[in-house]
Amino acid sequence: MIKSIGTPTPTLLANENKKFFDNMKAQETKEISEKTDTIKESIKKDNYKIDLQKTSEKMALNLLNL
């Protein structure tokens, strides 16, 4: 089969996809870490509030497998 000039090879595409997803994973990990640090600081300062409405809704949905 003849491929056109400038067409990326499947290996090249796979490597680019891996880099993209690795970058996304690193970014998500960083965001989670930052959020965790913010919550830890709030707990230390004794001003962390739990939204009971949201928490109970999530628990109910989880128990109902929704």
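Residues numbered from 1 in each chain as written. Predicted model: local features only at pLDDT ≥ 70, side-chain atom pairs only at ≥ 80, totals over all residues. Heavy atoms only, no water.

1. Quick word on the overall build of the chain
The condition that has to hold: Here a strand is any run of E in DSSP of at least two residues, a helix any run of H or I of at least four, and the numbering for each starts at the N terminus. Here the Shrake-Rupley method, with its probe set to 1.4 Å, supplies the accessible areas, and only the displayed protein chains count as covering residues.
Looking only at helices and strands, the chain has two helices and zero strands in total. For the chain, the exposed surface amounts to about 6700 Å²; the carbon and sulfur share of it is 60%.

2. As for the pattern of salt bridges
What counts is decided by this rule: Here a salt bridge means any side-chain nitrogen of Lys or Arg lying within 4 Å of a carboxyl oxygen belonging to Asp or Glu. Classification of residues uses two cut-offs on accessible area relative to the type maximum, computed with a 1.4 Å probe and protein chains only: under 20% is buried, over 50% is exposed, and between them is partly exposed.
All chains considered together, the criterion is met by one salt bridge. Here Asp22 makes a salt bridge to Lys18, at a shortest N to O gap of 2.9 Å. With a gap of four residues between them, Asp22 and Lys18 both fall in helix α1 (residues 10–44), about one helical turn apart. Using a relative accessible area of 51% as the deciding quantity, one classes Lys18 as exposed.

3. Things to note about unusual backbone geometry
In this model, Asp46 sits at a positive phi of 60°, which is unusual for a non-glycine residue. With respect to the element layout, Asp46 can be found in the loop between α1 and α2 (52–63). Not every positive phi belongs to a glycine, and Asn65 is a case in point at roughly 60°. Taking the relative accessible area as the measure of exposure, Asn65 reaches 69% and is therefore exposed.

4. A few points about a negative patch on the surface
Put simply, the test is: Grouping into patches uses exposed residues only, defined as over 30% relative accessible area, and leaves out salt-bridged ones; the cut-off is 9 Å for like charges and 5 Å for nonpolar side chains (Val, Leu, Ile, Met, Phe, Trp, Tyr). When charges are counted, Lys and Arg are positive and Asp and Glu negative, with His and the chain ends excluded. One atom stands in for each charge, and that atom is NZ of Lys, CZ of Arg, CG of Asp or CD of Glu.
The grouping of Glu28, Glu31, Glu34, Asp37 and Glu41 at the surface amounts to a negative patch. Tracing the backbone shows Glu31 in helix α1.

5. Regarding α2
Convention followed: What a helix should span is 1.5 Å times the count of its residues minus one. Residues adjacent in sequence count toward polar contacts only when both atoms are side-chain atoms; beyond that, a polar contact is any pair of N or O atoms within 3.5 Å, and within protein one must be able to donate a hydrogen and the other to accept it.
An ideal rise of 1.5 Å per residue puts 16 Å on 12 residues; α2 measures up with 16 Å between its terminal C-alpha atoms. With zero of 12 residues buried, α2 is to be regarded as a mostly surface element. Where α2 begins, one side-chain oxygen reaches toward the backbone nitrogen of Gln53, 3.2 Å away; that side chain belongs to Asp51. Phi turns positive, to about 60°, at Asn65, one or two residues after α2.

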